[in-house]
Each structure stands twice: as structure tokens, then as C-alpha cells.
Amino acid sequence: VPSFPYPFIFISILYSFFTVRYIGVSSKPYSWAQEIDAIFKQKLLDNDIEGLINYESHIPKYKLAIPTSEHYLPLLYVLGMKQEDETLSMLDESIQNGSIAMRSLVIK
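For clarity, every value in this text was computed on a predicted model and none was experimentally measured.

A.B. asks: Got a minute to help me understand the overall build of the protein in this structure?
C.D. replies: What the protein contains, in helices and strands, is five helices and five strands. Taking all 108 residues of the protein together, the buried fraction comes to 41%. Relative to all contacts within the protein whose residues are 6 or more apart in sequence, the contacts with residues 24 or more apart total 66%. When the accessible surface of the protein is summed, it comes to about 6,300 Å², and 58% of that surface belongs to carbon and sulfur atoms.

See the structure below:
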């Protein structure tokens, strides 16, 4: 597996467009969005790849956050590139429009 000389960044884990608050990017996040985002954060910090892959059985209310998987699967591709000696950190942990989490990850 090749090693990359730069950090790899992924943006937006939660993306429930069905519940977006279109008035105001800085609208207060839904409580379920904060709850699910906190679960994702912990799974990422714990390197719980199994829980992230099988999110349907490991993350309550996942359907609110991941109604379809095409925006979520790239996260798994990026995590699959992470080497044992690399670390994961987070830059942006905001949730905008009530239900879009803009959590940015850096692997280096």
C-alpha cells in the first residue's frame, strides 16, 4: 500500500437533506444529529472500523443521518487507506443547517 506524503481529509458524515433547515446555515442542530455525530466521533477515535462498516446495527437512528450510503461510503474508503502508524485527528466538528455534520478528518 502506498504511503501518502500529505494528510487525507474527508468532509461531511451526516447529511440528512430531508431534514435540512434551509433558513440559516448556523441553525441549531437537531438533538438526534448531535447524538449520532457524537457516536460517529467516538467510533472514529476508537478506530471502531467494524462499527463504522456495520453502522446499521451499531448506530441507533442511523437512517436519520445516512438515508442512503453514497455519501457515507467514501469515509470507509479513506479509513481503509489509514496505516497502523498513522493518526486520525479532527478539524471541523460543526453541524450546519440542523442536520449536516461537517466533521473533517485528517490522517497523517
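A.B. asks: Just checking my understanding: could you explain the nonpolar core for this structure?
C.D. replies: Side chains that are nonpolar tend, in soluble globular proteins, to be buried together. Grouped together as the largest cluster of nonpolar side chains are 22 residues, with contacts concentrated most on Phe 40, Leu 44, Leu 52, Tyr 72, Leu 79 and Leu 88. For this core, the secondary-structure elements that each account for two or more residues are helix H1 (31-45), helix H4 (62-65), helix H5 (73-81), strand S2 (88-90) and strand S5 (104-107). The dominant element in this core, judged by the number of residues it contributes, is H1, at five residues.

A.B. asks: Would you explain H1 in this entry?
C.D. replies: Every α-helix winds through 3.6 residues per turn, so residues three or four apart in the chain are directed the same way. Over its 15 residues, H1 runs 21 Å from end to end, which matches the ideal 21 Å to within 8%, given 1.5 Å per residue. Residues of H1 that are buried include every one of Trp 32, Ala 33, Ile 36, Asp 37, Phe 40, Lys 43 and Leu 44, and no others. Down the axis of H1, the buried set is contained in an arc of 125°. They therefore lie on one face. Once H1 ends, the next one or two residues include Asn 47, with phi positive near 55°.

A.B. asks: Honestly, the pattern of salt bridges in this entry has me stumped. Any pointers?
C.D. replies: Any two side chains of opposite charge can pair, on the condition that their charged atoms come close. In the structure shown here, the tally under the stated rule is three salt bridges. When the shortest N-O distance is used, the salt bridge between Lys 61 and Glu 35 registers 3.5 Å. Of this pair, Lys 61 sits in the loop between helix H3 (55-58) and H4 while Glu 35 sits in helix H1, and the two are 26 residues apart along the sequence. The exposure class of Glu 35 is partly exposed, given its relative accessible area of 35%. The partner of Glu 93 in a salt bridge is Lys 41, and the shortest N-O contact between them spans 3.1 Å.

Reading the values: the criteria
Residues numbered from 1 in each chain as written. Predicted model: local features only at pLDDT ≥ 70, side-chain atom pairs only at ≥ 80, totals over all residues. Heavy atoms only, no water. Helix = DSSP H or I, 4+ residues; strand = E, 2+ residues; numbered from the N terminus. Buried < 20%, exposed > 50% of the residue type's maximum accessible area, 1.4 Å probe, protein only. Contact = heavy atoms within 4.5 Å. Areas by Shrake-Rupley, 256 points an atom, 1.4 Å probe, with all protein chains shown as cover. Core = buried A, V, L, I, M, F, W, Y, C linked by side-chain atoms within 4.5 Å. Expected span 1.5 Å × (residues − 1). Arc of directions from axis to C-beta. Salt bridge = Lys/Arg side-chain N within 4 Å of Asp/Glu carboxyl O.

Any link to function would need more than the numbers given here.
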